[in-house]
Amino acid sequence: MIALSTSALLPFLGQLLGLVVILVGLAQSLFHLALFAIALFALAMGPPRAGKRALWSSLVEVAPPLTVLVPARDEEQTIVDSVRALLALQYPHVRVIVIDDGSRDRTLARLVEAFGLERRPFASDGPLPHAPVRAVWVSPSLDRLLVIEKENGGKADALNAGLNLVETELFCSVDADSLLEADSLLRAVRPFVEDERTVAVGGTVRVANGCAVHGGRIVSVRLPRSWLARLQSIEYLRAFVMARLALARLGALPIVSGAFGIFATAIARAAGGYATWTVGEDLELVLRMVHYAREHDLPHAVRFVPEPVCWTQVPESLRDLARQRIRWHVGALESLFAHAHMAFRPRYGGLGLLGLSSMVLFDVLTPLVELAGFVLLPVFWWTGAIWGEFVLAWLALTFVAGILVSCGALLLEELELRRYPRARDLAILAMVAVIENFGYRQLVNLWRVVGHWRFLRGARGWGRIHRRPFETVATTAASRQ
Amino acid sequence: MPFASAKLDPFLTAIWQLSLWGALAGCLLALSLVLRRTVEEWRQRKAPPGGQELRQRLIAGLAREDWQAVRSLLAGRSAADVAALVDELAQIVRGEMQLRLVALAAQLGLPERLRAELRSWRTGVRALAATRLSLFRDPESEAALLTALRDPHPKVRLAAAESLAGRPAARSALESRVLADSAFARPPAARFWHLLAGRDPELFSACFAATSEPERRRLMIEAIASAGLVQLLPAVVEASVSGDPELRRKATAGLLERRHPAAFAALERLLLDPEPVLRAEALALVARFRLAPFAPRVLQRLEDPEPLVRSRARDTALRLGLSLAELGALSRSYPLENLR
């Protein structure tokens, strides 16, 4: 009797799983293709903006003063270059606050040496709680630079310490290992000038590995030499140039990247600043700001501008990448669960109906289903529970949809930003768009499932990711010869 | 068994066909992008210089001890291309590398060429040459720039003055010219005054003391606030009560930017200025700097006799986060406007 039930159950389960996998895979592919079409439409409707001079003259009188917050921990390799680049940004009124979050290396010492900083005692009385501040450091010659030295409390805690000292209408959060293009703030601030509802704006984040840097500026854009970083390059293209552009167009953008985002100070503060209980503080802040604005009947909009580009270093070892992706996923799950009440609710507009709902469906559920499909379908095939040709057809469709979406992102990049200067780079990226479907995509899904597990276990923490100094012009030239 | 049956043949065929067409579309798309770029690259290779590769190699070369070797990279390029490259690199490199770049440009005869271009019949060429000569500090180039201060076109005169700003040898000539020339009192000169305030505060102070022309003082007041010239900030405070409305507006904005203790008093005055446009501008400043303590003053302006000011006051109040109820309750004199 038991044997009979088992023999009937296995094919049934196989068929059921097959159906679920097909439907989820199909929905995800269609969703991504729809995002591609919308991004293409958005680009056609709002092509890249004017050149630097026109941008400056049109915004210099109206751009609101802005403070750049740079949380830094153990960033001695890149911090001086990053701060130099920030101070050289083309923006009428910009101030830079670096928050040294209890670095264990010479991050603070490097800043003190490079900018001749002087120590001042400090007592914080801002509205946002944070770990104790030991001192603030100011430069006698540069009143636009301030460094906060505080005890370690995490990135969100550091940002809160900085946010307490922001005196400007807008603030921009930038990772210490990131480099902004000179006109990026001017380009990103435009939605705040044009639309009073804007509460947050995100820009494109690109992979800096392989690029040559001089004086804190990218002087030569190249693809990374590491294949792992190249795989991430195409992922970043898909995420920023395609998905965020499309979601913002639909008024459904749920996230502004922590690597580069501009926020309305008053609403961010009123909403309670950055949450220290999650490692996905960027997503959480946007959700909380929108929630706050909605609950207080304040007009609000989250925008994305593709032209401002922020270059960031990505992990080049599997171990670091795994840590980063697991952390991102845990952060996303924490934020999603904390704001689950916003998902699928028309009250929260496009963000609730589409942005959060798609995150729940495609970021939370799909990795589980896809991974189960990759593991179990071959098993069911091997046991004869399902038809082999079906498994192959499903695999082909999944891979082709993935390749098409990535090629679509490449097309958008070509139409929109054109940051990679050589045909060879494009050819490599096209190749990477194919390769990533065989192993890398599954690996990322596996890390997401591990993220699920960590989230359920309540494990937290950032982990330490190894950073390298930016490649200077000399080293890049030498390595290419 | 629906997934183990030949009945699914049409379904599977459809999936395969879809996959094949999709793969074909993806390949064609990628191929067309790469081909397009390859053709562009091929065209660029035929055309002379530029390119990131060259720029990168030049910077790398300038960083080395044998930096003179980079001269070979510029061999065979036209003088205009070399000038453009040097101009571009000068924005990127600093310190010792910038000095080497200037020396290299001098070896290549760039200053002579730029000095010759200062005599061109085309205004744009002369102005660009004057801008690019800012790199060179040799006496001939300085003399050429001083001559350019008397160029018939104001654009060239401004470019030459910007290049001379901060050079001790050119101070007296620059002072007399910028005070005598009306081009330095017009809006395009704002950049020059900003540069001078940053590079030579002493000369700037002397010019400021010597001028009483309202247009010129407006530009200079703006530059003082922007550069944060502490010793001249009292002049900005003084300008905030001047008889010139535009000067009052710029001075108040400048004081707010510098977070000067006198800023709030100046803003209070501007909010009560007899000129309606200035009252509206003052409200715009309150909104721009999000000055919540001014909320009561903003609400008072809702009763302003001028519609422009009332409208700006309403916008500012909303930007400060005041509720519509507060606005409606206080704006009694103009009830119809509350309906908007």
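Our structure's up above, just so we're on the same page.
Here's a quick rundown of the structure. Treat the numbers as computed from the prediction; the structure is a model and nothing was measured.

1. Some remarks on the overall build of chain B
Each helix and strand counted, chain B has 21 helices and zero strands in total. In chain B, which comprises 340 residues, the proportion classed as buried is 46%. Once local pairs closer than 6 in sequence are excluded, the contacts in chain B between residues at least 24 apart make up 60%. Accessible area of chain B: about 17100 Å², with a carbon and sulfur share of 59%.

2. Digging into the side chain of Glu-41 of chain B
With respect to the helices, strands and loops of the structure, Glu-41 of chain B is situated in helix H1 (residues 9-46). Engagement of the side chain of Glu-41 of chain B in a polar contact is seen with the backbone nitrogen of Ala-423 of chain A, the distance being 2.4 Å.

3. Considerations on the sheet that holds strand E8 (residues 198-207) of chain A
Residues and elements named next belong to chain A. Taking strand neighbours across the sheet as the criterion, the ten strands line up as E3-E4-E5-E2-E1-E6-E11-E8-E12-E7 in an open arrangement whose pairing is mixed. Bordering the open sheet on either side are strand E3 (118-120) and strand E7 (178-180), each of which pairs with just one other strand. Within this sheet the neighbouring strands show an average axis-to-axis angle of 30 degrees, counted without direction. In terms of strand pairing, strand E1 (residues 66-72) meets strand E2 (residues 94-101) through seven bridges, oriented parallel. Each residue of the ladder has a partner; that of Val-68, found in E2, is Val-96.

4. So, the pairing of strand E5 (residues 145-150) of chain A
All names here are of chain A. Counting buried residues along E5, six of its six residues qualify, which places the element largely inside the surrounding structure. Going residue by residue along E5, you find Leu-145, Val-147 and Glu-149 tucked away on one face and Leu-146, Ile-148 and Lys-150 tucked away on the opposite face as well. The sheet contact formed by E2 and E5 spans six bridges and is parallel. Bridge pairing in E5 links Ile-99 to Ile-148. In terms of strand pairing, strand E4 (residues 133-138) meets E5 through five bridges, oriented antiparallel.

5. Examining the side chain of Ser-120 of chain B
Residues and elements named next belong to chain B. Topologically, Ser-120 is positioned in the loop between helix H6 (110-117) and helix H7 (123-132). Looking at Ser-120, its side chain comes within polar contact range of the main-chain nitrogen of Arg-122, at 3.0 Å. Residue contacts for Ser-120: discarding those within four places in its chain leaves Val-125 and Arg-126.

6. Things to note about the nonpolar core
Residues Leu-66, Val-68, Val-98, Leu-185 and Phe-263 of chain A are the most contacted members of the largest nonpolar core, which totals 145 residues. No other element matches the 14 residues that helix H7 (residues 227-249) of chain A contributes to this core. Built from parts of two domains, this core gets at least three residues from each of domain 1 (13-43 + 354-462) and domain 2 (50-344) of chain A. Once residues within four sequence positions are removed from consideration, Phe-263 of chain A is found in contact with Glu-169, Leu-170, Phe-171, Ser-173, Phe-192, Val-199, Ala-200, Val-256, Tyr-274, Leu-285, Val-286 and Met-289 of chain A. In terms of nonpolar packing, the next biggest core, distinct from the first, is built from 96 residues, Leu-118, Ala-127, Ala-280 and Val-286 of chain B among them.

7. Some words on the packing of helix H17 (residues 276-288) of chain B against helix H19 (residues 307-319) of chain B
Residues and elements named next belong to chain B. Between H17 and H19, the least distance of the axes is 9 Å, while the angle of their chain directions is 5 degrees. One element, H17, and the other, H19, form an angle in the roughly parallel class. Counted together, Pro-276, Val-277, Arg-279, Ala-280, Glu-281, Leu-283, Ala-284, Val-286 and Ala-287 of H17 and Leu-308, Val-309, Arg-312, Ala-313, Thr-316 and Arg-319 of H19 form the full contact between these two elements. Per-class residue counts for the contact of H17 with H19 are ten nonpolar, one polar and four charged.

8. Here's the deal with the pattern of salt bridges
The full count for this structure, using the stated rule, is 48 salt bridges over all chains. Note that Arg-171 of chain B and Asp-200 of chain B form a salt bridge whose closest N and O atoms lie 3.0 Å from each other. With Arg-171 of chain B in helix H10 (residues 171-180) and Asp-200 of chain B in the loop between helix H11 (190-199) and helix H12 (201-210), the pair connects residues that are 29 residues apart, well separated along the chain. Arg-171 of chain B gets classed as partly exposed once you look at its relative accessible area, which sits at 27%. Residue class for Asp-200 of chain B comes out buried when judged on its relative accessible area of 9%. Among the salt bridges present, the one from Glu-246 of chain B reaches Arg-249 of chain B, with a minimum N-O distance of 3.1 Å. Placement of both Glu-246 of chain B and Arg-249 of chain B in helix H15 (residues 245-257) is noted, with a separation of three residues, approximately one turn of the helix. Its relative accessible area of 17% is what places Arg-249 of chain B among the buried residues. Here the salt bridges do not stand alone but share partners, grouping Glu-414 and Arg-418 of chain A together with Arg-36, Arg-37 and Glu-40 of chain B into one network.

9. A few points about unusual backbone geometry
All names here are of chain A. Within the chain, Asp-297 stands out as a residue other than glycine whose phi angle is a positive 55 degrees. With respect to the helices and strands, Asp-297 occurs in the loop between helix H9 (281-295) and strand E12 (301-312). Positive phi, close to 60 degrees, is recorded for Phe-344, a residue that is not glycine. Here Phe-344 shows up in the loop between helix H10 (318-338) and helix H11 (349-382).

10. A closer look at the interface of chain B and chain A
Counting residues at the interface gives 47 residues for chain B, matched by 52 residues for chain A. Scanning the region where chain B abuts chain A turns up four salt bridges. The salt bridge partner of Glu-414 of chain A is Arg-36 of chain B, with a shortest N-O separation of 3.7 Å. Across the chain B-chain A interface, the total number found is five residue pairs in polar contact (both at pLDDT 80 or more). When residues of the side of chain B that touches chain A are traced back to their parent elements, those giving at least two are H1, helix H2 (52-63), helix H4 (79-92) and H17 of chain B. A total of 20 residues in the side of chain B that touches chain A trace back to one element, the largest contributor, which is H1 of chain B. The residue inventory of the side of chain B that touches chain A, partitioned by class, reads 24 nonpolar, eight polar and 15 charged.

11. Quick look at helix H8 (residues 139-148) of chain B
Residue and element names in this part refer to chain B. Residues of H8 that are buried include every one of Ser-141, Glu-142, Ala-144, Leu-145 and Ala-148, and no others. Summarising the axial view, the buried residues of H8 lie within an arc of 160 degrees, below the 170-degree limit, and thus occupy one face. Along H8, the residues that are exposed and aim more than 90 degrees away from the buried face are Pro-139 and Thr-147. Of the surrounding elements, those touching the buried residues of H8 are H6, H7 and helix H9 (154-164).

12. Topic: a nonpolar patch on the surface
Residue and element names in this part refer to chain A. Taken together, the side chains of Leu-9, Phe-12, Leu-13, Leu-16 and Val-20 define a hydrophobic patch exposed on the protein surface, amounting to about 440 Å² of accessible area. For Val-20, the position within the fold is in helix H1 (residues 2-45). Classification of Val-20 as partly exposed rests on a relative accessible area of 37%.

13. Some details on helix H5 (residues 155-164) of chain A
Residues and elements named next belong to chain A. Here H5 lies mainly inside the structure; ten of its ten residues are buried. Buried residues of H5: Lys-155, Ala-156, Asp-157, Ala-158, Leu-159, Asn-160, Ala-161, Gly-162, Leu-163 and Asn-164, and no others. Contacts from the buried residues of H5 go to E1, E2, E5, strand E6 (170-174), helix H8 (265-270) and H9.

Definitions and limits used
Residues numbered from 1 in each chain as written. Chains lettered and ligands numbered in written order. Predicted model: local features only at pLDDT ≥ 70, side-chain atom pairs only at ≥ 80, totals over all residues. Heavy atoms only, no water. Helix = DSSP H or I, 4+ residues; strand = E, 2+ residues; numbered from the N terminus. Buried < 20%, exposed > 50% of the residue type's maximum accessible area, 1.4 Å probe, protein only. Contact = heavy atoms within 4.5 Å. Areas by Shrake-Rupley, 256 points an atom, 1.4 Å probe, with all protein chains shown as cover. Polar contact = N/O pair within 3.5 Å; in protein donor to acceptor, adjacent residues only side chain to side chain. Pairing = 2+ DSSP bridges. Axes fitted to C-alpha atoms, helices over the stretch in contact; angles between N-to-C directions. Core = buried A, V, L, I, M, F, W, Y, C linked by side-chain atoms within 4.5 Å. Domains from an automatic or database assignment. Parallel < 35°, antiparallel > 145°, perpendicular 65-115°, else oblique. Nonpolar A, V, L, I, M, F, W, Y, C, P; charged D, E, K, R; others polar. Salt bridge = Lys/Arg side-chain N within 4 Å of Asp/Glu carboxyl O. Arc of directions from axis to C-beta. Patch = residues over 30% accessible without salt bridge, like charges linked within 9 Å, V, L, I, M, F, W, Y side chains within 5 Å.

These results come straight from atomic positions and should not be treated as a statement about function.
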